[in-house]
Amino acid sequence: MELLGVIGNPISHSLSPVMHSVALAEAKKQAIYLPFLVQAEGLAAAIKGAASLGFTGFNVTIPFKEQVVPLMTELTSEAKVIGAVNTIKFEKNGKIIGHNTDGQGFLASLADELMEPKDLNCLVIGAGGAARAIVSSLLSAGNDVCITNRTKERAEKLAKDLNVGASEHRICNVVDLSVEGLKDVVAQVDLIVNTTSVGMAPYFNQSPIPLELVTSKHVVVDIIYNPEETLLLKHARQVGCKAQNGVGMLVWQAIKAWEFWWNETPPSKVSMFEAVQDALRKTSP
Ligand code: ATR
């Protein structure tokens, strides 16, 4: 029996166990995937313990994606660039490899649902961990990216970090999060991505950027999946934009984690989507 799981704190809300368990059953794998609530002071012991117990892998969620980095024996290039790990592979030879599938998951979900992410002008709202993964994946797939964030210095730091090694044609600029700052940039972008928590509780009635700037020419992705439709997505659809929420990224980062552990693809993406959507329906008010 192979052992896998997700570590975080809190963990009861995580949708990874339902998604992975459905895929494991369909693949008829002799494996079990469980949620593990870990305290910060027990994180290193949890990783070492899982390695000793012969675990195959972990997913890592809030607040440990950065804290596990020094506990890895190796990092993939994605984990290095993003500076965070959301997937761990325990190898028989004792290696503990940290990887990050958030950026790949974002690109795959966009390609699957809306458009090929290539040669686009993009605006990414936010400068946290999710933004870091998304901006770096958009840059490496050959897109231009502007970043805007409530705390401008954080966006500037992100742009500086990710511009190292980026091609000169893929420059990552930072713009002010205000109508004035955004007006000209938004008029030129094809893709708008919200990576902030504005749109989920307690910010249901807020949009991360002024809605009047979003017009039918934009493709809009909000990586929030609860609620399924944020104010930004509702407006985007009303004015005729192609738009998607965060369910696709959630499912695709899981598919990419599976591929990292086993070098194979889960049998049915559709079942994983359905598992997430069922679970969300049960938890929504
Ligand atoms: P994650 O790993 O999910 O990206 P994070 O690192 O906490 O989470 O980042 C959250 C992002 O949402 C940040 O860009 C944050 O802006 P700041 O850098 O200014 O903190 C943004 N954010 C969170 N709450 C916000 C709010 N009420 N208004 C605007 N931006 C907000």
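The structure under discussion appears in the preceding block.
Residues numbered from 1 in each chain as written. Predicted model: local features only at pLDDT ≥ 70, side-chain atom pairs only at ≥ 80, totals over all residues. Heavy atoms only, no water.

Draft legend 1. Highlighting the site of the ligand. Around the ligand, a shell composed of 13 residues is seen, among which Ala127, Asn149, Arg150, Thr151 and Arg154 lie nearest. The separation between an oxygen atom of the ligand and a polar main-chain atom of Gly129 is 3.2 Å. One of the side-chain nitrogen or oxygen atoms of Ser197 is found 3.4 Å away from a nitrogen atom of the ligand. Summarising the interface, the protein chains cover 71% of the accessible area of the ligand, which totals 640 Å² for the free molecule. Looking at the shell around the ligand residue by residue, the classes come out as four nonpolar, seven polar and two charged. (Near = heavy atom within 4 Å. Polar contact = N/O pair within 3.5 Å; in protein donor to acceptor, adjacent residues only side chain to side chain. Areas by Shrake-Rupley, 256 points an atom, 1.4 Å probe, with all protein chains shown as cover. Nonpolar A, V, L, I, M, F, W, Y, C, P; charged D, E, K, R; others polar.)

Draft legend 2. Spatial organisation of the pairing of strand β8 (residues 144-148). For β8, the buried fraction is high: four of the five residues fall into the buried class. Tracing the backbone out of strand β7 (residues 121-125), into helix α5 (residues 129-140) and back to the parallel element β8 gives a crossover that is right-handed. In the sheet, β8 pairs with strand β9 (residues 172-175) via four bridges, with the strands oriented parallel. Paired with Thr148 across the two strands is Val175, which belongs to β9. (Buried < 20%, exposed > 50% of the residue type's maximum accessible area, 1.4 Å probe, protein only. Helix = DSSP H or I, 4+ residues; strand = E, 2+ residues; numbered from the N terminus. Right-handed = clockwise from strand over helix to strand, strands pointing away. Pairing = 2+ DSSP bridges.)

Draft legend 3. Spatial organisation of helix α10 (residues 269-283). Over its 15 residues, α10 extends 22 Å from the first C-alpha to the last, a length consistent with the 21 Å expected when each residue adds 1.5 Å. Where α10 is concerned, the buried positions are Ser271, Met272, Phe273, Ala275, Val276, Ala279 and Leu280. The elements touched by buried residues of α10 are α1 (16-26), α4 (102-113) and α9 (247-262). Where α10 begins, the side chain of Ser268 points an oxygen toward the backbone nitrogen of Val270, at a separation of 3.3 Å. (Expected span 1.5 Å × (residues − 1). Contact = heavy atoms within 4.5 Å.)

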